[in-house]
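Structural description and commentary
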Amino acid sequence: MSTQRRAIELQDERTARQIVIGGRVQGVGFRPFVYRMAARFGLSGRVRNGPGQVVIHVEGDAQAIIDFQRALISTAPPLAEPYLKSTTEAVVEDTHGFRIEASEDVAAADVHLPPDMFCCADCLAEMRDPAERRFGYAFTNCTQCGPRYTIIKALPYDRPSTSMAGFTLCPRCRREYDDPTDRRFHAQPLACPECGPTLTLWPGDAEPIAGEGAFAATLAALRNGEIVAVKGVGGYHLMCDASNDAAVANLRARKHRPHKPLAVMFPQCGVDGLEVVRTHVVLDDAEANAIADPARPIVLVRRRDESRLSAGLAPGLGELGVFLPYSPLHHRLLSAFGAPLVATSGNISGEPVITDNAEAASRLASVADAFLHHDRPIVRPADDSVARIIAGQPRPIRIGRGRAPLELTLPHALAEPTLAVGGHMKGAIALGWDQRVVISPHIGELDSPRSLQVFQQVIADLQTLYRVEAGRIVCDAHPGYASTRWAAEQGLPVTKVQHHVAHASALAAEHPHIERWLVFAWDGIGLGDAGELWGGEAFAGASGAWRRVASIRPFSVTGGDRVGREPWRSAAGLMWETGRQWSPAQDDDGLTAQAWRKDIGTARTSSVGRLFDAAASLALGVDIASFEGQGPMLLESAATRQAEPVALPLTRDEEGIWRSDWEPLLPILTDQHRTTAERAGLFHASIAQALVDQALALAETEKPQAIGLSGGVFQNRLLAEQAIARLTENGIEVHLPQIVPTNDGGLALGQIIEALAADKATPQAVETGNAS
């Protein structure tokens with residue numbers, strides 16, 4: 001057979017296909033991976049980024065193309081989440097070799113925005129090797145790690161569209177960037193000491209120190225007990241020696257944060273990186289896995305009695321918030337310091353974390369002794385994620401850096417692009433369109449100008465990045481919430497969703513196969529019907545069709561917004577509601593009691609969160625809280641785990657609502673002959689049993705497929721685990737949120753789900769709606 005004839009036959013056997021891969025495939029090294037797979041299977045062609053997808057034209061042997069296509073999914077990079085969108089026959093172009101083309105830029109809204117990623121093992125090893133040119137470099141990264149969400153200005157994800165655009169690659173970095181076989185091929189944040197971002201320390205009023213001197217001076221300051229504001233991936237941390245009582249006390253005094261727990265970052269040492277962590281806290285497998293998770297969240301775990309860390313880290317609490325370094329700078333700092341460091345958010349209390357060098361220097365000047373800045377701009381803030389293990393599973397308390405933006409798939413399409421703006425505390429927003437919903441990182445409390453500015457920035461950024469323009473807004477029903485007021489000013493159709501209904505639907509979103517629920521939505525406050533403040537409600541049904549079927553005995557409180565920070569007011573409300581004589585020290589002139597009796601400035605509430613506040617005041621003497629939830633947290637920490645419940649009467653009111661009566665708890669909470677641990681334990685056990693009693697009574701009539709626990713009260717592990725255990729003993733399936741926070745950080749998802757349910761109930765809206 002002639003050579004020419006064989007060439008013609010081979011050409012006849014050659015096939016071509018266009019393969020489109022969707023999902024998280026940008027910013028995770030997917031195109032270099034495609035290049036390597038093509039070489040492995042002897043294929044030619046090209047790959048390019050499209051909006052939210054990767055488009056591949058591949059030519060070669062038909063079986064090799066089939067194997068290549070399978071390998072794209074089965075052996076994808078660890079941080080990728082690919083799926084096959086389409087594969088179609090293409091024209092054979094007789095291409096030679098395989099190339100990576102420039103990204104496509106079209107208007108379709110099928111983009112996926114990756115979160116920031118922790119420093120990978122390869123980069124960490126390189127940083128620690130004196131022979132490597134990135135030895136000790138604080139901005140080392142590759143396609144498998146480094147910043148994403150906090151540096152991206154536009155999609156597709158290419159360097160000119162990031163805050164790294166101003167750093168021109170040096171020749172050696174350029175070779176890595178252009179080499180498809182290099183792990184830094186098209187790593188957009190790519191940098192080295194020669195061409196990348198640099199550190200500068202501003203030590204108070206002294207002259208700034210740049211480069212290696214900045215790092216050395218930072219270590220010296222920390223060892224000297226000083227507080228250093230350190231710019232990281234998503235914003236600043238305020239850092240100090242976690243073993244230095246004076247440094248911790250100074251930080252608390254300067255930040256006006258007397259009691260709220262401070263997170264602690266630990267050096268990553270040992271086989272699993274948790275060697276130092278275990279010397280200070282007790283870890284089970286679930287907690288260890290959560291700390292080592294790629295998102296590197298702060299995880300709440302039990303402190304060892306023998307730990308030498310400062311007692312001022314979490315006053316009165318048995319748990320610490322611990323996490324591992326996630327950026328190269330953090331790794332280097334913790335490794336060189338050789339001991340745990342406080343790493344709390346660099347912000348004004350309740351606001352989003354500060355990201356700008358000048359703003360940090362100005363607004364944190366009274367807190368920090370020195371500032372370790374860098375010159376890589378942070379496009380938008382991302383605070384650290386927080387989790388707690390409850391019933392053996394990690395439950396998010398705050399989603400942020402490493403987790404968000406969080407993308408979820410809806411069971412069916414929304415009628416039109418929808419913006420949900422959440423609540424007022426623990427602000428987060430959600431953007432939904434088609435069958436997708438994206439939940440933003442934690443923003444903060446929406447009661448300051450900076451919080452509102454970031455709230456609006458995130459809303460604008462998500463719509464711009466995902467190329468979706470919301471046609472309607474869903475918000476909370478409370479007219480006093482900043483998010484509700486903002487929604488009313490936008491000139492778009494607005495739908496209000498009751499607070500606890502949103503809590504119920506947020507949980508239901510995680511289990512779309514369940515059609516009949518009984519959800520307990522317990523928290524501190526939410527506007528209910530007729531102006532009442534709900535917070536201890538149970539709902540039967542499903543999203544879009546919830547019915548309130550249970551609650552607790554309501555009581556009156558005075559003080560408006562002050563009630564949440566002054567637990568004595570809830571305690572007084574319970575005592576006065578039952579006709580007991582009670583003279584709180586804070587009401588020495590008796591004016592509050594008079595106002596209560598005359599119903600002046602009072603509100604009726606059925607909030608379990610306020611019950612916990614009252615119990616903390618009566619049993620522990622926590623009359624004033626310096627942060628939200630302080631009383632209930634101290635109550636949980638103090639409680640014995642071996643308490644038998646007190647039966648709480650359960651009756652139906654005139655509207656048919658089952659109500660548990662908390663009055664039998666009052667003699668116990670005020671019994672000075674009982675220990676604090678016993679009183680706190682009895683309270684938890686009794687409230688958990690009251691929930692179970694309601695569930696069993698309602699199960700006979702409602703016949704739910706599962707019971708759900710949602711709302712901030714269920715961040716309390718003791719309460720949640722007791723309720724879950726007792727329900728499970730009765731053969732009842734129980735769910736607690738695992739994807740979004742059970743607190744108000746999950747409201748925006750619940751609001752989207754309620755909008756989705758309304759769309760489904762109105763088929764014509766779905767048919768005429770469109771997504772941009």
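Refer to the preceding data block for the structure.
Note that the coordinates shown come from a computational prediction; the quantities given were computed from them, not determined experimentally.

What follows deals with the pattern of salt bridges. For the coordinates displayed, the defined rule picks out 44 salt bridges. Between Glu59 and Arg14 there is a salt bridge, and its shortest N-O distance comes to 3.2 Å. Here Glu59, found in strand β3 (residues 53-60), pairs with Arg14, found in the loop between α1 (3-13) and β1 (15-24); they are 45 residues apart in sequence, far enough to count as distant. A salt bridge links Arg70 to Asp67, with the nearest nitrogen and oxygen atoms 3.9 Å apart. In this pair, Arg70 and Asp67 are both assigned in helix α3 (residues 62-74), three residues apart and thus about one turn of the helix distant. By relative accessible area, Arg70 is classed as exposed at 57%. What makes Asp67 partly exposed here is its relative accessible area of 27%. Through salt bridges with shared partners, one network takes in Glu126, Arg133, Arg134, Glu176, Arg183 and Arg184.

You can see Leu446 is positioned in the loop between β21 (436-439) and α12 (449-466). Along the primary structure Leu446 and Pro405 are separated by 41 residues, whereas in three dimensions their C-alpha atoms are 19 Å apart.

Across its 13 residues, helix α17 (residues 608-620) extends 17 Å between first and last C-alpha, which sits within 8% of the 18 Å expected from 1.5 Å per residue. Within α17, 12 of the 13 residues are buried, leaving the element largely enclosed by the surrounding structure. Those residues of α17 that sit buried are Val608, Gly609, Arg610, Leu611, Phe612, Asp613, Ala614, Ala615, Ala616, Ser617, Leu618 and Ala619. Where α17 terminates, the next one or two residues include Gly621, which has phi positive at roughly 75°.

Structurally, the α-helix is built with 3.6 residues per turn, so residues lying three or four positions apart point the same way. The buried fraction of helix α14 (residues 499-509) amounts to 10 of the 11 residues, a majority that puts the element mostly inside the structure. All buried positions along α14 are accounted for by His499, His500, Val501, Ala502, His503, Ala504, Ser505, Ala506, Leu507 and Ala508. With a side-chain oxygen lying 2.8 Å from the backbone nitrogen of His500, the N-terminal cap of α14 falls on Gln498.

What follows concerns the nonpolar core. In terms of nonpolar packing, the biggest core is built from 64 residues, with Leu333 and Tyr466 touching the most fellow members. The element best represented in this core is α12, accounting for seven residues. Counting residues in hydrophobic clusters, the runner-up holds 53 residues, among them Ala550, Met575, Ala615 and Leu709.

Attention now moves to the environment of Phe555. By the element assignment, Phe555 lies in strand β27 (residues 555-558). Judged by relative accessible area, Phe555 falls into the buried class, the value being 0%. Between the C-alpha atom of Phe555 and that of Arg610, which follows or precedes it by 55 residues, the distance is 9.9 Å. Once you skip the residues sitting within four places of it in the chain, Phe555 turns out to touch Ser570, Gly573, Leu574, Glu577, Ala603, Arg604, Thr605, Ser607, Arg610, Leu611 and Trp662.

This part is about the layout of surface pockets. The space that makes up the second largest pocket amounts to roughly 620 Å³. Lining of the second largest pocket is provided by 26 residues; of these, Arg24, Glu81, Pro115, Arg403 and Leu406 occupy positions nearest its centre. For the lining of the second largest pocket, the secondary-structure elements that each account for two or more residues are β1, β4 (81-89) and β18 (406-409). Considering each element in turn, the lining of the second largest pocket owes the most residues, four residues, to β18. Of the residues in the lining of the second largest pocket, the class split is 14 nonpolar, four polar and eight charged.

What follows deals with the sheet that holds strand β20 (residues 430-433). Pairing in this open sheet of six strands is mixed, and the strands run β18-β21-β20-β19-β22-β23 from one edge to the other. Each of the sheet's edge strands pairs with one partner strand only, and the pair in question is β18 and β23 (494-497). Each strand axis lies, on average, 20° off the axis of its neighbour in the sheet, ignoring direction. Of the strand pairs in this sheet, β20 and β21 are connected by four bridges, and their pairing is antiparallel. Bridge pairing in β21 links Trp433 to Arg436. On top of the sheet, α12 reaches β18, β19 (418-420), β20 and β21; it is set at about 30° to β20, its chief contact.

With that settled, consider the pairing of β27. Of the two faces of β27, the one lined by Phe555 and Val557 and the one lined by Ser556 and Thr558 are each fully buried. Inspection of the sheet shows β27 paired to strand β28 (residues 602-607) by four bridges, in the antiparallel sense. Counterpart to Thr558 in the pairing with β28 is Thr602.

Attention shifts here to empty space enclosed by the protein. Applying the stated criterion across every chain, the model contains five cavities of 30 Å³ or more. Lining of the largest cavity is provided by 20 residues; of these, Ala138, Val233, Ser327, Pro328 and Arg376 occupy positions nearest its centre. Each pocket or cavity is described by its volume, and for the second largest cavity that value is around 120 Å³. Taken together, 18 residues line the second largest cavity, and the ones lying closest to its centre are Gly27, Val28, Gly29, Arg31 and His186.

The subject of this paragraph is the packing of aromatic side chains. Under the defined criterion, the tally for this structure stands at 12 aromatic pairs. Centroid distance Phe520 to Trp522: 6.1 Å. Interplanar angle 85°. Geometry classified as edge-to-face. Since its relative accessible area comes to 0%, Phe520 is described here as buried. Centre to centre, the rings of Trp522 and Phe714 are 5.4 Å apart; their planes meet at 20°, and the pair counts as stacked. You can see Trp522 sitting in strand β24 (residues 517-527) and its partner Phe714 sitting in the loop between β31 (706-710) and α21 (717-729), a full 192 residues away along the chain.

Further remarks concern unusual backbone geometry. Looking along the chain, the bond that leaves Ala404 and enters Pro405 is cis, with omega of 5°. With respect to the secondary-structure elements, Pro405 resides in the loop between β17 (393-398) and β18. Of note, the phi angle at Ala391 is positive, near 55°, even though the residue is not glycine. Relative to the helices and strands, Ala391 is located in the loop between β16 (386-390) and β17. Ala391 gets classed as partly exposed once you look at its relative accessible area, which sits at 35%.

The rules behind the values
Residues numbered from 1 in each chain as written. Predicted model: local features only at pLDDT ≥ 70, side-chain atom pairs only at ≥ 80, totals over all residues. Heavy atoms only, no water. Salt bridge = Lys/Arg side-chain N within 4 Å of Asp/Glu carboxyl O. Helix = DSSP H or I, 4+ residues; strand = E, 2+ residues; numbered from the N terminus. Buried < 20%, exposed > 50% of the residue type's maximum accessible area, 1.4 Å probe, protein only. Expected span 1.5 Å × (residues − 1). Polar contact = N/O pair within 3.5 Å; in protein donor to acceptor, adjacent residues only side chain to side chain. Core = buried A, V, L, I, M, F, W, Y, C linked by side-chain atoms within 4.5 Å. Contact = heavy atoms within 4.5 Å. 1 Å grid on protein atoms, 1.4 Å probe; cavity = no way out; pocket = protein on both sides within 12 Å on 5 of 7 lines; lining within 4 Å. Points joined across faces, edges and corners; volume = space filled by probe spheres on them. Nonpolar A, V, L, I, M, F, W, Y, C, P; charged D, E, K, R; others polar. Pairing = 2+ DSSP bridges. Axes fitted to C-alpha atoms, helices over the stretch in contact; angles between N-to-C directions. Phe/Tyr/Trp six-rings, centres within 6.5 Å; stacked < 30°, edge-to-face > 60°.

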